[in-house]
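# Results of the structural survey
As a plain string of letters, each chain reads:
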Amino acid sequence: MNEMNLKQKTLMRLASGDDNPSNENDEGLAWPQATIAKKVEPKKLVSKRRDDSVLKNPVLVERANLLNIAKLCIKALIESALEEGRILDDEHIPLQQFFVVMEHILAHGLKGKKFVLEKKKEFWSALEAVEKIMPEAKDITDSVRNLPGLKTNIGRSRAWLRLALMQKKLSDYFRALIERKDILGEFYDPGAALMEEEATVIAGLLVGLNVIDCNLYLKGDDLDSAPSVLDISVFMKDGNYLEKPEDTGAGCSTDGGGGPSQNSDLSSILDQKNYLEELNRHLNAQISSLQIRVKGLEENNSQMKQELAVANNNLLSIQAMNEKYQTENARLSQDVNKKIELVRADMDVEREAYNTSRAGLDSLYKSAQDDLQRQTHERNELQQDLQLQKSMKTEMEMAMKLLEKDIHEKQDTIVSLRKQLGDIKTINLDLYNKLQNFESTAKHKTDIVVKLEEKTAQMAATIKALEERLKICENDKQAAMETARKLGQTLAEKDLKRSALETDLKIEREWRNQLQKDLGMEKELVNQLQKDVEELASLRQQYNKVADEHTLLQQTCEEQELALTEMGSKLSESQLKMDDMKETVTALDKRVWTSDKDSLSCMLCEKQFSVARRKHHCRSCGGIYCNSCSDNYMPLPSSAKPVRVCDKCHTNLLQRYSASSA
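Everything quoted here is computed from the prediction, not taken from an experiment. (Residues numbered from 1 in each chain as written. Predicted model: local features only at pLDDT ≥ 70, side-chain atom pairs only at ≥ 80, totals over all residues. Heavy atoms only, no water.)

### Focus: helix 13 (residues 198-206)
Burial in helix 13 covers these residues: Glu198, Ala199, Ile202, Ala203 and Leu206. When helix 13 is viewed along its axis, its buried side chains cluster within an angular range of 140° and face the same direction. As for helix 13, its buried residues are in contact with helix 5 (58-84), helix 6 (93-107) and helix 11 (170-179). (Buried < 20%, exposed > 50% of the residue type's maximum accessible area, 1.4 Å probe, protein only. Helix = DSSP H or I, 4+ residues; strand = E, 2+ residues; numbered from the N terminus. Arc of directions from axis to C-beta. Contact = heavy atoms within 4.5 Å.)

### As for the nonpolar core
Core analysis: the largest hydrophobic core is formed by 56 residues, its most contacted members being Phe98, Trp160, Phe174, Tyr188, Leu194 and Leu206. Where this core is concerned, the elements lending two or more residues are helix 5, helix 6, helix 7 (123-128), helix 9 (138-146), helix 10 (153-166), helix 11, helix 12 (181-184) and helix 13. Ranked by residue count, the leading element in this core is helix 5, at eight residues. Not counting the four nearest positions on each side in its chain, Tyr188 is found in contact with Leu106, His108, Gly109, Leu110, Lys111, Phe123, Ala126, Leu194 and Met195. Listed in part, the 14 residues of the second largest apolar core include Cys618, Cys626, Met634 and Leu636. (Core = buried A, V, L, I, M, F, W, Y, C linked by side-chain atoms within 4.5 Å.)

### Notes on the pattern of salt bridges
Taken as a whole and judged by the stated rule, the model has 13 salt bridges. The salt bridge partner of Arg498 is Glu502, with a shortest N-O separation of 2.9 Å. In this pair, Arg498 and Glu502 are both assigned in helix 18 (residues 480-590), four residues apart and thus about one turn of the helix distant. Three or more residues joined by partner-sharing salt bridges are found here, namely Glu128, Glu131, Asp142 and Arg145. (Salt bridge = Lys/Arg side-chain N within 4 Å of Asp/Glu carboxyl O.)

### Brief notes about the state of the cysteines
Tallied over the entire structure, the rule returns zero disulfides. Left unpaired, Cys626 is separated from the closest cysteine sulfur, that of Cys629, by 3.5 Å. (Disulfide = S-S within 2.5 Å.)

### Here we look at unusual backbone geometry
With phi around 60°, Lys168 is a residue other than glycine that occupies positive phi space. One can find Lys168 in the loop between helix 10 and helix 11. Classification of Lys168 as partly exposed rests on a relative accessible area of 33%. Phi at Glu606 is positive, roughly 60°, even though this residue is not glycine. Structurally, Glu606 is set in the loop between helix 18 and strand 1 (616-617). Of the residues examined, Glu606 reaches a relative accessible area of 63% and is grouped as exposed.

### Overview of the side chain of Arg619
Among the structural elements, Arg619 can be located in the loop between strand 1 and strand 2 (624-625). By relative accessible area, Arg619 is classed as buried at 6%. Polar contacts involving the side chain of Arg619 include one to the main-chain carbonyl oxygen of His617, which spans 2.7 Å. (Polar contact = N/O pair within 3.5 Å; in protein donor to acceptor, adjacent residues only side chain to side chain.)

Put into structure tokens, the structure is as follows:
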């Protein structure tokens, strides 16, 4: 009966993914249990031990179990399909087990309800989201929604999986779903199987199912009520592990009745010895690996110290350069500010000179425009008078022609003067922002304006003389010759005025050339200032880069200091673990499992065993004690759960745990 119970418990541990079957809390079954575990799986006991992180986190154990079961199930399904060589149907047992495993994988890590009235999350919502990633999956989802008889989401999910397998696209849909972590995050927790690396392995395993042809009948009632229990016995070697008798070494019985045979005791002792040797070798290998890691960590620590010293030296040099750049930046900024203030003062002076010159030119232009309008009006009147004189006397035709010629020449001179005034105005406008620092130019412009006013006065006098001559021609026809002579004189005077204007134009051109030279010098000065500003900007960029590098170096220094502290803590933890492991190894080497036949009395109080006073083994030293001397339970390195220990071992373990915690 004890052997059957032991087999059942060992099988349950294998199904749940526990690789250490010796963790048992029942009385009298701890050491023989290691023997059974060694016979069932003698290699996995040593080669596939889990780390402390796996033992502490049950989610990792669940994911590992799901991955192992999925491997076994897919392998069994492919082998059975190839052996039968036919289209699989609903009655195929490995296919049914495969769908159950897929349901467990998809249901692992689903988010719970945050509120009482919130709807419970199911993996059918995640399967519906596949059509958003792959549009070709929409046909399967629509078909599942339209199936009659499906009332629950679990039934729709089962129908969806069967249709995807029949289309041989289950692996593609599964891979597309696990690649979109943003969509899965709405339905699953971060530690779910679909959110971790196990999902990628399962997706690769599902590719092998494309060689299977299946024809499944989808009925709503069957899918809604189908069981989701996994039969692990299908994946055992003989398919019926529970019913197969196995010759294992039995442990010591809890009652005082008869014991096992001599051969079974010998085989159990040999198995225990082999197990302890394997465990010892494994612990020695772990100790050597830990020593290598400690040496590597020490070397890394020394290297990081050297790098930290180099980084500190670099930081000091960068700080010195930073201070130097700051002083240079302050000096350059002061120089640039002084230059800008000087340029602004010059610009203000030039702007005032330009405003005064512009006001004088505007008044000159207005007066010249008024004179031109008056002259045009007078020209029209003279033309009318000349036409009347032509009709009165033929002798006056020659004089009138000369007069008209003179008027045309006057118009040309007026037009040329207007053009000259327009050119002067355009030149002054072009030099608006360039001729502001020269006071002599303003005086020269005022002289030119005075000359132009004198010339306009002379032109007004000549026009008045012409009016008088025209009136004389109207009063007396004989005075036409004198008027012609006077007109000749006026022409000579106008030639003189023309020559004077030409000289003035030459002076204006020379003045313009001088202004252009001054403008070139101003442009060079502006270019020099722009170069200074660009150099200042480049210096600012360099300063910003140096500041960024300084911050990065500070961050790296802080990170390295944190890494050093973490490495120190890890080194201390690893040293404590090594000490604990050495103590456990020495304890395992010293302890001997005492047989029931060899002890007739308690090893502590030396009282005789009887039907009332039963025998109990200490799981720490292996001795046999009575219930009063072994009524203590403590966790051991070989067992995560508390097991029975004697009073002596109990005090030793308490002292060890208190020392390790301190």
